[in-house]
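These are the residues of each chain, in order.
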Amino acid sequence: MKLLKMTLDNFKGIGHIELDFGGKNANIYGANGTGKTTVFDAFTWLLFGRSSEERANFSPKTITSEGYTHNIGHSVECDIEIDGEIVTFRRVYHEVYKKTRGRAESVLSGHTTDYWIDGVPKKEKEYQQYWQGIFPNEEVVKLLTMPYYFPEQLHWEKRRGLLLEICGNVSDIAIMESDTELSELPSILGKQPFDGFKKIVKAQKAEINRELELLPARIDEATKAIPNTAGLSEADIDKQLAEVRRNIWEAEKERAVLLSGSDQSAQIREQISELNTALAEAKGRYIEKQNEVSAASHAKIYDVRNELAKAENDLEVNKLLLAQKKRYISDIEAKRGEILTAHRRMQEEYAQIQAEQFDESATVCDKCGQVLPTDRVNELREAFNERKSNHLTELTEQMNALVERGKSEASKEMLADAQRETADCETMIEGNERIVTELRSKLDEAKKELQNTALPPFEQTAEYKDITAKIAAVRESESTSAPDTSAIDGEIAGYRAAESELTAKKSAIETEKTQRSRIAELEAEEKKLGAAYDEAEHALYLCEKFTRVKSALLNEKINEKFRSVRFRLFKQNITNDGIDDICDVLVPTESGAFIPFADANKAARLNAGVEIIGVLGEHYGIELPIFVDNAESVTHIIPINGQLIRLVVSESDKELRLETL
């Protein structure tokens, strides 16, 4: 496409100008404020009704010191060569007036735009459809006419997608099969998509890490519950217990011989023996209970800590979810407000246009005062009605589009659902916070319970006092009716004490075995989790290697299309937790290094943008005139197939001056 000629009338301060480009490269010279950028605005406005920078509320009307200039048309007309054929396009923006009851003069009621192609009037839809047959959308026009649009204004995801569209993507399977390490990735991925797999593995790795962080505390609790058994041998204790019990049996037998002379004495001896046995058994049970109580307290603390960690994690997850839902609600409300405001504004405009009536004064010639011929009046009425109908149709379509957008992006149902989900999330958080508070209180109680689990000595218990009192009473009755057995009784008591002590030591050894078995289980779990963590790390390593290999291959394919510009498609994220997709434009320096587009000087950025336009033009099969504003600061622009129009600041040129090259 070549721009041959451009004519502006009353366009943004330019009264009238004709620029004959002849399809050649050109320089437009002018001092600041003479309208160089206006020429670019005129071209984009002719194509799709917007300024070159898409400024809000753009209007082609001329503003003087006294305000807008009224009752004139604002037009752009261009002769453009398209595939060897010259086509003339014209777009005119003008005011619409109407008379109101009680006023002699017509008042401004709105604006309308008329379109022509090769001198033939066209409806707006027909005009737009013509351009749509040349380029896919308005964004393509910006990409092919504005050197800075692709590297600076286009979103990086669109930049990346467009590069892959131009240069072709790389098969994931081919990449995996090309490397020995990566060859195992398909079996690891299974049916999971690559990006989804990475997210799942990262989440699994984080969960495994949380469990691994809890295990040392659990092992420490189990270790603290191990009684001191230094120097103890279960075999020696069993041997000593057997010896002590044999001594008890022999001493009891000897005592029985002393008391054998009396049936009453025999009964007393039997009672004392039974009471001593009961005392020893009671002490053994009490010692076991001491160990059990202590172990139970440690286990309770461990269980409560696990529950608390899970509850705190649930609370944090739900808080993050609540923040996301609140942002989503804000987005919906903002979109809804924007859509409703735009819809109300269009309704008001629709009502104004609907109320417009044909200006009967237009049927009278403003020069001679005679009524115009009926045919001419009918033409004017038809033109008015057509403009009115077109405008109303356009507004109706725009309002319908807004309604559809509201249904899909910001409906009441979507807002209500989001608010309901937010309320549910807040309820879950309240429940989480209540559970966390309860578990923290429960943990404090368990710790206090552990401190208070140390039972008093067995000799201070009611059971001990009761049994020893009974023994004393029996012995007292024995002393009055039986031989003196105090010596043998002291010996038996000593044996009983030794038996109790040995029983307590054996119980401690059993407790140690239990706790060490628990520690072994925890260590095995830690080892298993460590292996799972290593497996996740390995999977992520393969994913990152795959991404780096793909990046290199993609860069190679993309670099084949571009002479000097390069692109960075991946980067290590700031947490060093994987590789992120990006699309940064890199510009070469004189030293051969590459720097980000934004950091390059103006000439380097401009030439990079022009080079990108050249590649995009080949891809789309379209060449549009390229406008370069403030071109006086760039001494050399790389050659390009398309038409290049430089807008050059020249203080000596008080009016626009065109120079073709």
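The structure this text deals with has already been given above.
Parameters at a glance
- Residues numbered from 1 in each chain as written.
- Predicted model: local features only at pLDDT ≥ 70, side-chain atom pairs only at ≥ 80, totals over all residues.
- Heavy atoms only, no water.
- Salt bridge = Lys/Arg side-chain N within 4 Å of Asp/Glu carboxyl O.
- Helix = DSSP H or I, 4+ residues; strand = E, 2+ residues; numbered from the N terminus.
- Buried < 20%, exposed > 50% of the residue type's maximum accessible area, 1.4 Å probe, protein only.
- Contact = heavy atoms within 4.5 Å.
- Pairing = 2+ DSSP bridges.
- Axes fitted to C-alpha atoms, helices over the stretch in contact; angles between N-to-C directions.
- Expected span 1.5 Å × (residues − 1).
- Disulfide = S-S within 2.5 Å.
- Patch = residues over 30% accessible without salt bridge, like charges linked within 9 Å, V, L, I, M, F, W, Y side chains within 5 Å.
- Areas by Shrake-Rupley, 256 points an atom, 1.4 Å probe, with all protein chains shown as cover.
- Lys, Arg positive; Asp, Glu negative; His and termini not counted.
- Charge placed at Lys NZ, Arg CZ, Asp CG, Glu CD.
- Parallel < 35°, antiparallel > 145°, perpendicular 65-115°, else oblique.
- Nonpolar A, V, L, I, M, F, W, Y, C, P; charged D, E, K, R; others polar.

Enquirer: Got a minute to help me understand the pattern of salt bridges in this structure?
Expert: Pairing is possible between side chains that carry opposite charge, provided their charged atoms lie close to one another. Summed over all chains, the structure comprises 39 salt bridges. Arg218 serves as the salt-bridge partner of Glu525, at 3.7 Å between the closest nitrogen and oxygen. Of the two residues, Glu525 sits in helix H14 (residues 486–561) while Arg218 sits in helix H8 (residues 194–224), which places them 307 residues apart along the sequence. Relative accessible area serves as the criterion here: at 29%, Glu525 is assigned to the partly exposed category. In this structure, the salt-bridge partner of Glu499 is Arg245, at a minimum N-O distance of 2.8 Å. Of the two residues, Glu499 sits in helix H14 while Arg245 sits in helix H9 (residues 234–258), which places them 254 residues apart along the sequence.

Enquirer: Sorry if this is basic, but what is going on with the environment of Val76 here?
Expert: Take Val76: it is sitting in strand E6 (residues 74–82). When sequence neighbours within four positions are dropped, the list of residues in contact with Val76 reads Thr7, Leu8, Phe11, Ala42, Trp45, Leu46, Phe89, Arg90 and Arg91.

Enquirer: It is not clear to me how the sheet that holds strand E14 (residues 644–649) should be interpreted in this structure. Could you clarify?
Expert: Strand pairing in a sheet relies on backbone hydrogen bonds, with the paired strands running either antiparallel or parallel. On the basis of which strands lie adjacent, the open sheet formed by four strands has the order E13-E14-E3-E15 and mixed pairing. Looking at strand neighbours, the two that pair on one side only are strand E13 (626–628) and strand E15 (657–660), the edges of this open sheet. Neighbour-to-neighbour, the strand axes of this sheet turn through a mean angle of 20 degrees, independent of strand direction. The strands touched by helix H1 (residues 36–48) within the sheet are strand E3 (26–30), E13 and E14, with E14 carrying the most contacts at an inclination of about 150 degrees.

Enquirer: I would appreciate a short explanation of H8 in the present structure.
Expert: Since the α-helix turns once every 3.6 residues, residues separated by three or four places project in the same direction. The end-to-end C-alpha distance of H8 is 46 Å, a good match for the 45 Å that 31 residues give at a rise of 1.5 Å each. Taken as a whole, H8 has its buried residues at Phe194, Phe197, Lys198, Val201, Lys205, Ile208, Leu212, Leu215, Arg218, Ile219, Glu221 and Ala222.

Enquirer: Would you mind showing me how to read the sheet that holds strand E8 (residues 106–117) here?
Expert: Taking strand neighbours across the sheet as the criterion, the six strands line up as E2-E1-E6-E7-E8-E9 in an open arrangement whose pairing is antiparallel. Either end of the sheet is taken by a strand with one partner, and the two such strands are strand E2 (14–20) and strand E9 (120–122). Along the sheet, successive strands turn relative to each other by an average axial angle of 20 degrees, direction set aside. Pairing of E8 with E9 involves three bridges; the strand directions are antiparallel. In the sheet register, Ile117 faces E9, and the bridge partner there is Val120. Against the sheet, helix H2 (residues 124–132) touches E6, strand E7 (85–99), E8 and E9, its axis set at about 150 degrees to E7.

Enquirer: Honestly, the state of the cysteines in this entry has me stumped. Any pointers?
Expert: Throughout this description, disulfide means a covalent bond between two cysteine sulfur atoms. Tallying each qualifying case throughout the model produces zero disulfides. The thiol sulfur of Cys167 is not disulfide-bonded, and the nearest other cysteine sulfur, from Cys583, lies at 10 Å. We classify Cys167 as buried; its relative accessible area is 9%.

Enquirer: Looking at this structure, how should I read a negative patch on the surface?
Expert: Taken together, the side chains of Glu81, Asp83, Glu85 and Asp118 define an acidic patch exposed on the protein surface. Take Glu85: it is sitting in strand E7.

Enquirer: Honestly, the pairing of E7 in this entry has me stumped. Any pointers?
Expert: For a regular strand, the rule is simple: side chains alternate between the two faces of the sheet. Bridging between E6 and E7 involves nine bridges; their strand directions are antiparallel. The partner of Ile82 across the bridge, within E7, is Glu85. Connecting E6 to the antiparallel partner E7 that follows it, the hairpin turn spans two residues, and Asp83 within it adopts a positive phi of roughly 50 degrees. Relative to E8, E7 is paired through 11 bridges, and the arrangement is antiparallel. Residue pairing in the sheet places Val92 in a bridge with Asp114 of E8.

Enquirer: Explanation requested: unusual backbone geometry in the structure shown.
Expert: Negative phi values dominate among residues other than glycine, just as trans dominates among peptide bonds. Phi angles above zero are rare outside glycine, and Lys12 is one such case at about 50 degrees. You can see Lys12 is positioned in the loop between strand E1 (2–11) and E2.

Enquirer: What is the right way to look at the packing of helix H3 (residues 138–145) against helix H15 (residues 602–620) in this model?
Expert: In a packed pair of helices, the relevant descriptors are the angle between the two axes and the axis-to-axis distance. Between H3 and H15, the shortest axis-to-axis distance is 8 Å and the interhelical angle comes to 140 degrees. It follows that H3 is oblique to H15 by the angle criterion. Residues Val140, Leu143, Leu144 and Thr145 of H3 lie in contact with H15, whose contacting residues are Ile613, Leu616, Gly617 and Tyr620. Its residues placed into classes, the contact of H3 with H15 shows six nonpolar, two polar and no charged.

Enquirer: So what exactly am I meant to see when it comes to the pairing of E6 here?
Expert: Where E1 meets E6, seven bridges bridge the pair, whose relative direction is antiparallel. Directly across from Lys2, in E6, lies its bridge partner Glu81.

Enquirer: Would you mind showing me how to read the side chain of Gln515 here?
Expert: Along the chain, Gln515 falls in helix H14. Excluding anything up to four places from it in sequence, Gln515 contacts Ala222, Ala225, Ile226 and Ala295.

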